[in-house]
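A closer look at the structure
What follows is each chain in one-letter form.
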Amino acid sequence: MGLLPDNKRKEVNEVKQKKLWVYGGTMTGKTTFADKFPDPLMLNTDGNTKFVTAPSILIKDQVKMTGRIKNEKLAWTYFKEVIDELEEKNNSFKTIVVDLVEDLYEYCRLFIYDREKITHESDNPFKAWDMVTAEFLNTMQRLLNLDYENFILISHEDLSRDITKQSGSNITQIKPNLRDKVAIKLVGMVDAVGRLVIEEDKRYLSFKTDNVTFGGKRIPINVDKIPLEYEEVEKLYNVSK
């Protein structure tokens, strides 16, 4: 019925969208980096947009008073309404920035608590964890499927977990501040996961991945890190063509 594409291989350079997940320590420049992308819109959860120029929407609970009656809209519901409006494409934004991913995940948990009338996933251990995971990932997939040129997901890094090597010594695992099961699924929705690192006062986006560091890329390139600049991301995609 006209739904199937032509039986013709596409060139890699026909892939227009860039989807990156960036994580790192606090106050290391993640949001400033995202601000350098073309025509960005910040979907911000922590209010830290003072030093960026991009327009932003603060994703939080919405409270409206009608006389003495308080009407509250949960932050997750508000976030989904923003996606509804983005889907209509009545705007000139080219880059959508989610800052921070883990805050959105917590908003999603609170949304499920409210809907299911529970106080924690353990109140319904056979279903609640899966409900939160499915709701969060399905909504993030919907966002990342929208017709915009760039998507930047931002997270803080989590250094709270140690893993034991075969030698018996402990080393610190480096990963985004997000539940492992969710993070593994989310990484499949982006082109690359980069950790913001600072070396000799210079900032880089590192794609290194091993049993200690969470990262990686599906873009066919050979470099393990790039300077933290938008132009370097452009080169990254150009090299992969």
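As shown above, the structure is provided for reference.
Note that this is a predicted model, so its numbers are computed, not measured.

Turning next to the packing of helix α3 (residues 101-116) against helix α4 (residues 128-144). Remark: α3 packs on α4, axes separated minimally by 9 Å, with the N-to-C direction vectors making an angle of 130°. Taken as axis vectors, α3 and α4 run oblique relative to one another. Considering the relative orientation of α3 and α4, their crossing is right-handed. Facing α3, whose interface residues are Val101, Leu104, Tyr105, Cys108, Arg109, Phe111, Ile112, Arg115 and Glu116, α4 presents Trp129, Met131, Val132, Glu135, Phe136 and Met140. Here the contact of α3 with α4 is composed, by residue class, of 11 nonpolar, no polar and four charged.

Glancing now at α3. Each α-helix turn comprises 3.6 residues. Residues three or four places apart therefore point the same way. Across its 16 residues, α3 extends 23 Å between first and last C-alpha, which sits within 8% of the 22 Å expected from 1.5 Å per residue. The set of residues buried in α3 consists of Val101, Glu102, Leu104, Tyr105, Tyr107, Cys108, Arg109, Phe111, Ile112 and Tyr113. Positive backbone phi, approximately 60°, marks Lys117, located one or two places after α3.

For the rest of this paragraph, the subject is the pattern of salt bridges. Under the defined criterion, the tally for this structure stands at 17 salt bridges. A salt bridge links Arg142 to Asp84; the shortest N-O distance between them is 2.4 Å. Here Arg142 is found in helix α4, whereas its partner Asp84 is found in helix α2 (residues 75-88), with 58 residues between them in sequence. When its relative accessible area of 27% is taken as the criterion, Arg142 is described as partly exposed. Taking the relative accessible area as the measure of exposure, Asp84 reaches 35% and is therefore partly exposed. Among the ionic pairs, Glu116 bridges to Arg115, the shortest N-O distance being 2.9 Å.

Reading the values: the criteria
Residues numbered from 1 in each chain as written. Predicted model: local features only at pLDDT ≥ 70, side-chain atom pairs only at ≥ 80, totals over all residues. Heavy atoms only, no water. Axes fitted to C-alpha atoms, helices over the stretch in contact; angles between N-to-C directions. Helix = DSSP H or I, 4+ residues; strand = E, 2+ residues; numbered from the N terminus. Parallel < 35°, antiparallel > 145°, perpendicular 65-115°, else oblique. Left-handed = near helix turned anticlockwise from the far one by under 90°. Contact = heavy atoms within 4.5 Å. Nonpolar A, V, L, I, M, F, W, Y, C, P; charged D, E, K, R; others polar. Expected span 1.5 Å × (residues − 1). Buried < 20%, exposed > 50% of the residue type's maximum accessible area, 1.4 Å probe, protein only. Salt bridge = Lys/Arg side-chain N within 4 Å of Asp/Glu carboxyl O.

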